[in-house]
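Letter by letter, the chains look like this.
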Amino acid sequence: VTGAVSRHLVRTTFEDLPPEAVAATKQHIMHTLATIVGGSGAPGCPQVAGLVQSWGGRPESTVLAYGHRAPAPHAVLANSTMAHALDFCYNDDRIAYKSSVCAVPAALALAERQRLSGRELIAAACLGIDLGLRIGLAAEPKPQHISSPAVEPFAAAAAAGKLLGLDEEGMANALGIALCECRASGTSTSSPSLTKRLGPGLAAQGGVTAALLAAAGYPAQRDILDGPR
């Protein structure tokens, strides 16, 4: 199963996408950009953006709404956190899953880093969103509320890996490394905790890091979706 998914992610191009998928992905991208702007001033988000700026590093991707650039995983940490901060991100009501809060920031960051086209951005975001949804819907027993940290590292890794041009082996490695980033311990929504909005940021950062490690040749297991555990 993991091999089939990796082949699909690598081989699917913008031209293969149905028109309705392209239209939906554009809506997801625009909606996510809006929620990032809205969440940029929410409690906790200035601290994350400020920390990312203090880390410095190669100016690869923009921390949106703030304007400074940072290494792609760091920018994604801030952008996905902001996207989720006000809880207006796209939700798939079948499993209460925030379907694009990590895949879209990952795609935006890597498209900027690699200087790629809008069509490549849309294809990668679409594939990442779709993979996250399918994993969430396939989980058994069916979750009542699947948290972003449980699925989104795969979605972010798929989007980032696509834009990095990973081959099938590399994409399988990216998904395998992303498994290490998955967490399902639940989140705290009681005041004064702000960890709920931080979860997607950490998940997206982990997924992008997984894709970059795979691009560097880091190996991972192959049975992450259909293994004995």
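Our subject in this report is the structure included herewith. Small disclaimer: the values here were computed from a predicted structure and weren't measured. (Residues numbered from 1 in each chain as written. Predicted model: local features only at pLDDT ≥ 70, side-chain atom pairs only at ≥ 80, totals over all residues. Heavy atoms only, no water.)

### Examining the packing of helix H2 (residues 19-39) against helix H4 (residues 72-85)
Rules: Axis geometry follows a simple rule: fit a line to the C-alpha atoms, using only the stretch in contact for helices, then measure angles between N-to-C directions, giving values from 0 to 180 degrees. Secondary structure elements follow DSSP: runs of H or I of four or more residues count as helices, runs of E of two or more count as strands, with numbering from the N terminus. With respect to orientation, any angle under 35 degrees is reported as roughly parallel, any angle over 145 as roughly antiparallel, any angle of 65 to 115 as roughly perpendicular, and every other angle as oblique. Contacts between residues were defined by any pair of non-hydrogen atoms, one from each residue, lying within 4.5 Å. In the scheme used here, Gly and all other residues not listed as nonpolar or charged are polar, with Ala, Val, Leu, Ile, Met, Phe, Trp, Tyr, Cys and Pro taken as nonpolar and Asp, Glu, Lys and Arg as charged.
Across the interface, H2 lies against H4 with an axial gap of 7 Å and an inter-helix angle of 85 degrees. Between H2 and H4, the interaxial angle falls into the category roughly perpendicular. Here Thr32, Thr35, Ile36 and Gly39 of H2 lie close against H4, whose contacting residues are Asn79, Met82, Ala83 and Ala85. Taken together, the residues of the contact of H2 with H4 sort by class into four nonpolar, four polar and no charged.

### Quick word on the state of the cysteines
Selection criterion: Count a disulfide wherever a pair of cysteine sulfur atoms falls within 2.5 Å.
Enumeration over the complete set of coordinates arrives at zero disulfides. With no disulfide of its own, Cys45 lies closest to Cys89 among cysteine sulfurs, the gap being 11 Å. Left without a disulfide partner, Cys180 is nearest to the cysteine sulfur of Cys182, which lies 8.6 Å away.

### Describing the side chain of Thr12
Where we set the bar: Nitrogen and oxygen atoms within 3.5 Å of one another constitute a polar contact, given that in protein one can donate a hydrogen and the other can accept it, and given that sequence-neighbouring residues count only through two side-chain atoms.
Considering the arrangement of structural elements, one finds Thr12 in the loop between helix H1 (2-11) and H2. Here His8 takes part through its backbone oxygen, which lies 2.6 Å from a polar atom of the side chain of Thr12. Aside from chain neighbours lying at most four places away, what touches Thr12 is Leu17, Leu127 and Lys162.

### Focus: the environment of Gln47
By the secondary structure assignment, Gln47 is in helix H3 (residues 45-55). Separated by 31 residues in the primary sequence, Gln47 and Ala78 have C-alpha atoms spaced 9.3 Å apart.

### Describing the pattern of salt bridges
Where charged atoms from two side chains of opposite charge come close, those side chains can pair. Condition: Just to be clear on terms, a salt bridge is a Lys or Arg side-chain nitrogen sitting within 4 Å of an Asp or Glu carboxyl oxygen.
Under the counting rule described, the total for this entry stands at ten salt bridges. A salt bridge links Arg113 to Glu60, with the shortest nitrogen-to-oxygen separation between them at 3.2 Å. Highlighted residues: Arg113 in helix H5 (residues 103-114) and Glu60 in the loop between H3 and strand E1 (61-62), separated in sequence by 53 residues. With a shortest N-O distance of 3.2 Å, Asp87 and Lys98 are connected by a salt bridge. With a gap of eleven residues between them, Asp87 in the loop between H4 and strand E3 (91-92) and Lys98 in strand E4 (residues 97-98) connect regions that are remote in the sequence.

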